[in-house]
Amino acid sequence: MDNLKSDIKYVAGVGEARARLLDKELGIRTVGDLLDHFPFRYIDRTRVYRIAEITDEAPTLVQLRVRVTGTAYAGTGRKRRFTVFVQDATGQAELVWFQGIKWIEKRVEVGREYLVFGRPSFYRGQLSMAHPELETMEQYLSRRAESGMQGIYPSTERISTMFGTKGMYQIVCNAWALVRGHIPDPLPEEIRTRYGLIARHDAYYNIHFPQSPELLRQAQYRLKFDELLGVQLNVQSRRTARLAKADGFRFTRVGDAFNTFYNEKLPFPLTGAQKRVIREIRQDTATGYQMNRLLQGDVGSGKTLVALMSMLLAVDNGFQACMMAPTEILARQHFATISRLLDGMPVRVAILTGASKARERREALEGIASGEVHILIGTHALIEERVRFANLGFVVIDEQHRFGVEQRARLWTKNEQPPHILVMTATPIPRTLAMTLYGDLDVSVIDELPPGRRPIRTYHYTDAARLKLFGFMRQQIAQGRQVYVVYPLIKESEAMDYKDLTDGYEAISRDFPLPDYVTAICHGRMKPADKEESMRQFKEGEAQILVATSVIEVGVDVPNATVMVIESAERFGLSQLHQLRGRVGRGAAQSYCILMSGEKLSREARARLEAMCETNDGFRLAELDLKLRGAGDINGTLQSGMAFDLKIANPTADVQVLTLTREAAAAILAADPALAQPAHEGLRELRRRYSGREELDFSRIS
Ligand code: ADP
Ligand code: MG
């Protein structure tokens, strides 16, 4: 019997109630699940502090060696408290229990020495510990974790209350006793040797009970390797399967729509990079394989045009195309731009968003079902059940990073045969990382901006410079330019943020009075029709100033706008700041980005604002962002959007392991594509285990 699969409730010290809690709070059901619940850090239990050493700077958990000098009860009923007075050569402290008093009181003997372990706090200047762990000297000396490193496990409040500081550790010890010596290794010997990996059994042992820092490192390395290898085996197998199926729509010809547009409608020559990417897409879609392509290009690099020309290619081959944008505003804008560009051509474009009125909705739905509409543009309303395409052949997803990832995938379940997919983003991610995040993808890059763009000048001011800022805005407006003023909108402080925004709007309206100035406002709490009207005013130049939340972050295109003022800029992340800045600098005139912030800034916020002032290069900023935010934070953010559930590997930080596993997976699959060899049974299991979340994967949906 495979002990790793046995129910957690049978582990000593767990039982029904705790098992239910472990499942509910942490999703732990089996012994294997528990062993996959890795410590997130380790504390050194060989270090014994003296009372006088404990100050504000001490670690959050410490161990003391103390003698009990007395005990006391206080309170009654549920407020009952049991205090144990202790001391060492340097001072005195109190240990306090509010629960389990009966149990602890039997174990504490005045005059005896104990090791106590817990979270120090100060109460009226006195060192105090609530519910510490208590060990007699004999227990301490016979303790198993010889290296002294003890894991601290990720927990929840309810788990901590039920299990205490030591409980989780104790249960892992008990679980280990059941499986030790019986943990199979999925990797063939040859791979373990080639990549210098310790046995999986030893990796589990050392991740929970590190025998030395070096063994801990090796354990982490091995477990990361397994995870990423599992992912790579999936990604690569699927890619092979996709290419073998050859069930993609074949776009064999370039026809009237593409050619007429190219020869007669194109408002400017394409950049070399745009041409190259269109060529890549043409080649991909002609092969008979389904295309899965990620297009990365900095803000303003002209991705929309590439999307449009690809969609025309689909139309020329008798297929419909659709384009999904993350916001209403952006969808409307794409619809307007594309309708204008295609004006006079026999290509019908429709729009569908959550805010579409009955007539617009009917036209879109009917036109799409009958095949009369060639290109449908919209928000995630496009993936509603009701939307039925006659023959969808090409899907564009714009500004991908803004989508909740689940939303994406549903789109192409609509066809028996999967359409070609083009995902566009201005947030660059390394290719290998993109594959871990989104599964099996090809990547194209637009690495060139349209000619004649002047680099945007970016400045950082504090509130003290507001008068100067207003003066500058006046000067730009006098030259016929337009200005964005953007306020942060963070979910947690939404009410405050809206207040800041409306206060700001009022102040600006006062300082820039009618009839000389028109200030428009646009935010998420407005009715869609009002938002649209504000955007229209600004786009058509009727309003010189647009006060908005970061809804305008992506995609909005008003080339006459030359100033982007970002209020409370310290509250935005780097990639958001860069996106916002990308709203200006779209015409030939010099553009400016003004970052407004308070006087007091964290070191990180200052670094972000400085980076913005230094460079316009989105790829460089993305790299810096990774560094500044630290891999942990990014991993947390990305994790939710990842196609694969990883417990220990961090694809941003563990790039090296990622690269090695990619190479290893390729070699394994080249020799044994189906992983059918007996020696590869473990690998087959690994691939199954990391097969990922279906709804997040491009290639498996068809
Ligand atoms: P993004 O890649 O950020 O989506 P857009 O597609 O919105 O960028 O394009 C930004 C601006 O550049 C638009 O005003 C667009 O008309 C213009 N543009 C796109 N391609 C070219 C080109 N080849 N030459 C000049 N301007 C271009
Ligand atoms: Mg865009």
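Residues numbered from 1 in each chain as written. Chains lettered and ligands numbered in written order. Predicted model: local features only at pLDDT ≥ 70, side-chain atom pairs only at ≥ 80, totals over all residues. Heavy atoms only, no water.

(A) Representation of the site of ligand 1 in the model. Of all residues adjacent to ligand 1, which total 17 residues, the nearest are Gln-274, Gly-300, Lys-303, Thr-304 and Arg-453. Within the backbone of Gly-300, a nitrogen or oxygen atom sits 2.6 Å from an oxygen atom of ligand 1. When residues of the shell around ligand 1 are assigned to their parent elements, the largest contribution, three residues, is made by helix α11 (residues 303-316). (Near = heavy atom within 4 Å. Polar contact = N/O pair within 3.5 Å; in protein donor to acceptor, adjacent residues only side chain to side chain. Helix = DSSP H or I, 4+ residues; strand = E, 2+ residues; numbered from the N terminus.)

(B) Summary view of unusual backbone geometry. In this structure, Pro-515 follows Leu-514 across a cis peptide bond, with omega equal to 0 degrees. Mapped onto the elements of the fold, Pro-515 is located in the loop between α17 (494-511) and β19 (519-522). Even without being glycine, His-131 reaches a positive phi, approximately 50 degrees. Mapped onto the secondary structure, His-131 falls in the loop between β7 (126-130) and β8 (133-136). Positive phi values are uncommon outside glycine, yet Ser-568 reaches one of about 45 degrees. Along the polypeptide, Ser-568 turns up in the loop between β21 (561-566) and α19 (574-581). A relative accessible area of 23% places Ser-568 in the partly exposed class. (Buried < 20%, exposed > 50% of the residue type's maximum accessible area, 1.4 Å probe, protein only.)

(C) Looking closely at helix α9 (residues 256-265). Turning to α9, its buried residues number three or more, namely Ala-257, Phe-258 and Phe-261. One side of α9 carries all its buried residues, which in axial view fall inside an arc of 100 degrees. Of the residues in α9, the exposed ones pointing more than 90 degrees away from the buried face are Asp-256, Asn-263 and Glu-264. (Arc of directions from axis to C-beta.)

(D) Looking closely at the side chain of Gln-476. With respect to the helices, strands and loops of the structure, Gln-476 is situated in helix α16 (residues 466-478). A polar contact is formed between the side chain of Gln-476 and the side chain of Thr-562, at a distance of 2.9 Å. Sequence-distant contacts of Gln-476, defined by excluding residues within four places in its chain, comprise Arg-481, Thr-562, Val-563 and Tyr-592. (Contact = heavy atoms within 4.5 Å.)

(E) Quick peek at helix α7 (residues 200-208). Counting buried positions over the nine residues of α7 gives seven, a clear majority of the element. Looking only at α7, the buried set comprises Arg-200, Ala-203, Tyr-204, Tyr-205, Asn-206, Ile-207 and His-208.

(F) Here's a closer look at the pattern of salt bridges. Tallied over the full model, the rule gives 36 salt bridges. Notably, a salt bridge pairs Lys-9 with Glu-16, separated by 3.5 Å at the nearest N-O pair. In this structure Glu-16 comes out as partly exposed when scored by relative accessible area, which is 48%. Between Arg-200 and Asp-226 there is a salt bridge, with its nearest N and O atoms 2.5 Å apart. (Salt bridge = Lys/Arg side-chain N within 4 Å of Asp/Glu carboxyl O.)

(G) Looking closely at a positive patch on the surface. Taken together, the side chains of Arg-80, Lys-102, Lys-106 and Arg-107 present a region of like positive charge at the surface. Among the secondary structure elements, Arg-80 is positioned in the loop between β2 (62-74) and β3 (81-88). (Patch = residues over 30% accessible without salt bridge, like charges linked within 9 Å, V, L, I, M, F, W, Y side chains within 5 Å. Areas by Shrake-Rupley, 256 points an atom, 1.4 Å probe, with all protein chains shown as cover. Lys, Arg positive; Asp, Glu negative; His and termini not counted. Charge placed at Lys NZ, Arg CZ, Asp CG, Glu CD.)

(H) Examining the side chain of Asp-672 more closely. Among the secondary structure elements, Asp-672 is positioned in the loop between α22 (655-671) and α23 (681-689). Among buried charged residues, Asp-672 stands out as having no salt bridge; its nearest opposite-charge side chain is Arg-684, 6.2 Å away. Ignoring any residue separated from it by four or fewer positions in sequence, one finds Asp-672 in contact with Gln-677 and His-680.

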